[in-house]
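# A structural walkthrough
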Amino acid sequence: MADTALTAPPRSPLAPYADRLAAATRTSRGAIRLAELPFLAQVNVRLDAKGGAADAVGLALGLQLPLEPGTAIRAGESTALWLGPDEWLVVGPPGSERDLEKRIRAAVGEEPVSVTDVSAQRTTLLVSGPGARDLLAHGCALDLHPRAFGTGRCAQTTLGRTQVVLVARDEPGAGFWVLVRSSFAGYLTDWLLDAATEYL
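Cut-off values and rules
Residues numbered from 1 in each chain as written. Predicted model: local features only at pLDDT ≥ 70, side-chain atom pairs only at ≥ 80, totals over all residues. Heavy atoms only, no water. Axes fitted to C-alpha atoms, helices over the stretch in contact; angles between N-to-C directions. Helix = DSSP H or I, 4+ residues; strand = E, 2+ residues; numbered from the N terminus. Parallel < 35°, antiparallel > 145°, perpendicular 65-115°, else oblique. Left-handed = near helix turned anticlockwise from the far one by under 90°. Contact = heavy atoms within 4.5 Å. Nonpolar A, V, L, I, M, F, W, Y, C, P; charged D, E, K, R; others polar. Salt bridge = Lys/Arg side-chain N within 4 Å of Asp/Glu carboxyl O. Buried < 20%, exposed > 50% of the residue type's maximum accessible area, 1.4 Å probe, protein only. Expected span 1.5 Å × (residues − 1). Phe/Tyr/Trp six-rings, centres within 6.5 Å; stacked < 30°, edge-to-face > 60°. Lys NZ or Arg CZ within 6 Å of the ring centre and 35° of its normal.

Two elements in contact, helix H1 (residues 18–27) and helix H5 (residues 182–195), have axes whose closest approach is 11 Å; the angle formed by their N-to-C orientations is 20 degrees. Taken together, the axes of H1 and H5 lie roughly parallel to each other. As for the relative orientation of H1 and H5, their crossing is left-handed in sense. Contacts between H1 and H5 involve Arg 20, Leu 21 and Ala 24 from the former and Thr 189, Asp 190 and Leu 193 from the latter. Residues of the contact of H1 with H5, tallied by class, amount to three nonpolar, one polar and two charged.

A few words now on the pattern of salt bridges. Scanning all chains against the criterion turns up seven salt bridges. The salt bridge partner of Asp 190 is Arg 20, with a shortest N-O separation of 3.1 Å. One end of the pair, Asp 190, is in helix H5; the other, Arg 20, is in helix H1, with 170 residues separating them in the sequence. One salt bridge connects Asp 99 with Arg 103, and the closest N-O pair in it is separated by 2.9 Å. Of this pair, Asp 99 and Arg 103 both sit in helix H3 (residues 97–108), separated by four residues, roughly a single helical turn. Judged by its relative accessible area of 38%, Asp 99 is partly exposed. Ionic contacts of the salt-bridge type, sharing partners, join the residues Arg 46, Asp 86 and Glu 87 into one network.

Over its 14 residues, H5 extends 20 Å from the first C-alpha to the last, a length consistent with the 20 Å expected when each residue adds 1.5 Å. Listed as buried for H5 are Ala 185, Gly 186, Leu 188, Thr 189, Trp 191, Leu 192, Leu 193 and Ala 195.

So, on to the packing of aromatic side chains. Across all of its chains, the model carries one aromatic pair by this definition. Taking NZ or CZ as reference, Arg 169 lies 3.9 Å from the ring centre of Trp 177, over its face.

The bulk of non-glycine residues show a negative phi, and the bulk of peptide bonds are trans. A positive phi angle, close to 55 degrees, is found at Arg 29, a residue other than glycine. With respect to the helices and strands, the residue Arg 29 is situated in the loop between H1 and strand E1 (33–37). In this structure, Phe 39 is a non-glycine residue whose phi angle is positive, near 65 degrees. Tracing the backbone through its elements, the reader meets Phe 39 in the loop between E1 and strand E2 (41–47). On the basis of relative accessibility, which here comes to 39%, the residue Phe 39 falls in the partly exposed class.

Any link to function would need more than the numbers given here.
Here it is as C-alpha cells:
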C-alpha cells in the first residue's frame, strides 16, 4: 500500500505572492498593508440558533455564536462569523481545526448539527492601513464606511467579482480579513495589487 503521509510542508495558495505583497506594503509607506494569513482553521457550523446547541457551543468554545446578522465575535484566538440565521464560520489559529470540530461536536451531544472543516477551502488576505477601506471599495458594492461596516462586522459579498467573506477586525488598526476560495486567491491578489497602485 502506498504511503499517503505528507512528505513536504503544506504550501499556501498565495506563497508565490508573498514578495509582491510585502513590496506593495513597503512602497505604500504605511498607507496599506497586504499579507496572506495562511492556514487559519475554519469550521462551518449549522444548527438551530434558538436551540440549546448554540449556547452549548458558545460555552465549549468560550465564544458566543453571534445572533445579529453580519456580526463577528472574537474571544482569545478564535472568531465566530455570522453567515446566516443558522450558519456560522468559526475561525481559529492554524492547526486548531480538529480541536474546534471536536469541541463543537462534544458540546452539542444529540442535537442536530452540521460541523464541517473547511480550512482547506479558503485562504485569508489581510488588508489594513489608512487606505484599506478605499482600496476595498474599488471592487466591493458594500458601503464600507465605518458607520455602516465598522469593527466587528462581516458579510458574504463580492470583491473584484470574486466571492469572499469580508470581516472588519475588532482590534484598533487591524483592518480587514478577506476570506477567499483558494482557487480564486491568485486572481483576487492580482486585483488587489493592481488596485493598490495609487498608493505605491
